[in-house]
Amino acid sequence: MRKLVNSTYITLDGVIENPSWTMPYFDAEAQEFAGALTEAADALLMGRATYDGMSAAWPTRDESDPSTGAAYFNSVKKYVASTTLTDPSWNNSEVLRGDLVEAVTAIKNTEGKNIIQYGYGSVTDQLVKAGLVDEVHFWICPVLAGGPSLTAPLGEIASSFALAGTRVHKSGMIIASYTPVQ
């Protein structure tokens, strides 16, 4: 069975939206870790908001420069959990129809590498509750961004995770990896 790995950039005050604030911390160490995550994954899973942000940004980046990651993101298989998106324009994107848990379970049961998901919102909440998220990585950036935080939209989530590992980067970013406790 394929693993579903969530990778979320988060500030000290819990903000995950529009992670442009990660750029000062995305040094060689972070690039190496991010590269290992994408190398181990042959599919992306995202909700509509993440899809809208990524599909607007990645196609404009230089695919000939390996440091951008654009070649990977523009070509990898993308699954979008949305009830409103009907005709995705970003290359190799497919909208998941019907029950989200059933659709993701079916994808996880196919042959392939890991499935990576960026951001932590209602899609992740549903998948954590269903026991389908195998690992989460929180890239904790030493910055306060202000605005709506991760805890606001997910006030009812009650899940436990065990620490799987930590990486402390010279830039001050901490990546905390967890696995669900059943």
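These notes cover the structure that comes with them. Here the residue index of a chain counts from 1 through its sequence in written order. A pLDDT threshold of at least 70 governs which residues receive local features in this predicted model, and a stricter bar of 80 or more applies before side-chain atom pairs are shown or counted, although totals over entire chains, interfaces and linings include all residues. As a convention, hydrogens and water are excluded, and side-chain values are obtained from all of the structure's heavy atoms.

### Considering the pairing of strand E1 (residues 4–11)
For each residue, the accessible area found with a 1.4 Å probe, counting protein chains only, is set against the maximum for its type, and the residue is called buried under 20%, exposed over 50%, and partly exposed in between. Strands here are runs of E lasting at least two residues and helices are runs of H or I lasting at least four, both read from the DSSP assignment and numbered beginning at the N terminus. With eight of eight residues buried, E1 lies mostly within the body of the structure. Across the two faces of E1 the burial is the same, with Leu4, Asn6, Thr8 and Ile10 and Val5, Ser7, Tyr9 and Thr11 all buried. Whether two strands pair depends on DSSP finding at least two bridges between them. Where E1 lies against strand E5 (residues 114–118), four bridges are found, and the strand directions are parallel. Directly across from Ser7, in E5, lies its bridge partner Tyr118.

### Topic: the nonpolar core
Formed by 29 residues in total, the largest nonpolar core has its most connected members in Leu44, Met54, Phe73 and Trp139. For this core, the elements supplying multiple residues, two or more each, are E1, helix H1 (28–39), strand E2 (41–47), helix H2 (48–57), helix H3 (70–75), E5 and strand E6 (135–141). Take this core: its biggest share by element is four residues, from H1. Only heavy atoms enter the contact rule, under which two residues are in contact if any of them lie within 4.5 Å. Beyond its immediate chain neighbours, meaning those up to four positions away, Trp139 contacts Ser7, Thr8, Tyr9, Ile10, Phe26, Ala30, Phe33, Ala34, Leu37, Met173, Ile174 and Ile175. We define the nonpolar core as a collection of buried residues of types Ala, Val, Leu, Ile, Met, Phe, Trp, Tyr and Cys that are connected through side-chain atoms lying within 4.5 Å of one another.

### Digging into H1
One turn of the α-helix equals 3.6 residues, which is why residues spaced by three or four share an orientation. A helix's residues, less one, multiplied by 1.5 Å, set its expected span. If you check H1, its first and last C-alpha atoms are 16 Å apart, about what 12 residues at 1.5 Å a residue would give, namely 16 Å. Taken residue by residue, H1 has Ala30, Phe33, Ala34, Leu37 and Thr38 as its buried positions. Along the axis of H1, the buried positions cluster into a sector of 135°, meaning they face one direction only. Opposite the buried face of H1, by more than 90 degrees, sit the exposed residues Ala28, Glu32 and Glu39. Measuring from the side-chain oxygen of the N-cap residue of H1 to the backbone nitrogen of Glu29 gives 3.2 Å; that N-cap residue is Asp27. Think of it as the arc spanned by the lines of direction from the helix axis to the C-beta atoms. Within 3.5 Å is the distance limit for a polar contact, defined as a pair of N or O atoms, with the added protein rule that one can donate a hydrogen and the other accept it, and that residues adjacent in sequence qualify only through two side-chain atoms.

### What about the environment of Met173?
Along the chain, the position of Met173 falls in the loop between strand E7 (161–168) and strand E8 (174–180). Between the C-alpha atoms of Met173 and Ala57, which are 116 residues apart in sequence, the distance is 23 Å. Not counting residues within four places of it along the chain, the set of residues in contact with Met173 comprises Tyr25, Phe26, Ala30, Trp139, Ile140, Cys141, Pro142, Arg167 and Val168.

Just distances and angles here, no functional claims.
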